[in-house]
Amino acid sequence: MEIAILNTAGKETGRSIELVDSIYAVEPSDHAIYLDVKQYLANQRQGTHKSKERGEITGSTRKLKRQKGTGTARAGSIKSPIFRGGGRAFGPQPRNYGFKLNKKLKALARKSALTYKAKSNDIVVMEDFNFEAPKTKEFVAIQNNLAVADKKSLIVLSEANKNIYLSSRNLQNAEVVTASELSTYKIMHAKKVVLVESSVKAMEEMFKI
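Not measured: the values here are computed from a predicted model. (Residues numbered from 1 in each chain as written. Predicted model: local features only at pLDDT ≥ 70, side-chain atom pairs only at ≥ 80, totals over all residues. Heavy atoms only, no water.)

**Section: the pattern of salt bridges**
All told, the structure shown has six salt bridges when counted by the stated rule. In this structure, K50 engages E56 in a salt bridge whose closest nitrogen and oxygen atoms are separated by 2.9 Å. Here D122 makes a salt bridge to K192, at a shortest N to O gap of 3.4 Å. Residue D122 is found in the loop between helix 3 (103–119) and strand 3 (123–126), and its partner K192 is found in strand 6 (residues 192–196); the two are separated by 70 residues along the sequence. (Salt bridge = Lys/Arg side-chain N within 4 Å of Asp/Glu carboxyl O. Helix = DSSP H or I, 4+ residues; strand = E, 2+ residues; numbered from the N terminus.)

**Here we look at the pairing of strand 5 (residues 174–178)**
Along strand 5, four of the five residues are buried, which leaves the element largely enclosed by surrounding structure. Across five bridges, strand 4 (residues 153–157) lies against strand 5 in parallel orientation. Among the inter-strand pairings, S153 is bridged to a residue of strand 5, identified as A174. Once you follow strand 4 into helix 5 (residues 162–168) and on to strand 5, the crossover reads as right-handed. (Buried < 20%, exposed > 50% of the residue type's maximum accessible area, 1.4 Å probe, protein only. Pairing = 2+ DSSP bridges. Right-handed = clockwise from strand over helix to strand, strands pointing away.)

Structure, rendered in structure tokens:
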């Protein structure tokens, strides 16, 4: 799949780059995408929820009433879950919601997500660029030139660039990541995926092509 390389003005540079079929034209696996997105969202959960059980409640240990003769159910502790102010039975406890996925499955999920974006022509490749200092106005100008300013866009760099990252940080519809940080969730969440020229090679290396 050949795709034209655009410059920061949104014009074609006259050069093109090949998006290899083994990444951008695989047989997509919806289930792999589901599992990878599920794992990503599970890892975002803090899992710090906690309720007190009856043994953790502060209260008297006196028996509430005599065992027999009251005509009602026997009761020994005011900390019992059946009483207001008592402990919670089977309440939430701190836990880790993460789960393991195989590397090959996660790679298939990212390739499947990129394949869907390629099929819908939602991948843009532009030449490498840089800012001398963080400038959100210049970043927005590039977005407008690429016609992605009004869409949720994901800009993929080959390596971390502090000035580009800081220029985009305050924009709601833009996110800048490196090729190694690319996740299935971020690909599917974005309407447009903008790859800088060097990130295409970086992703091929990442997928061991």
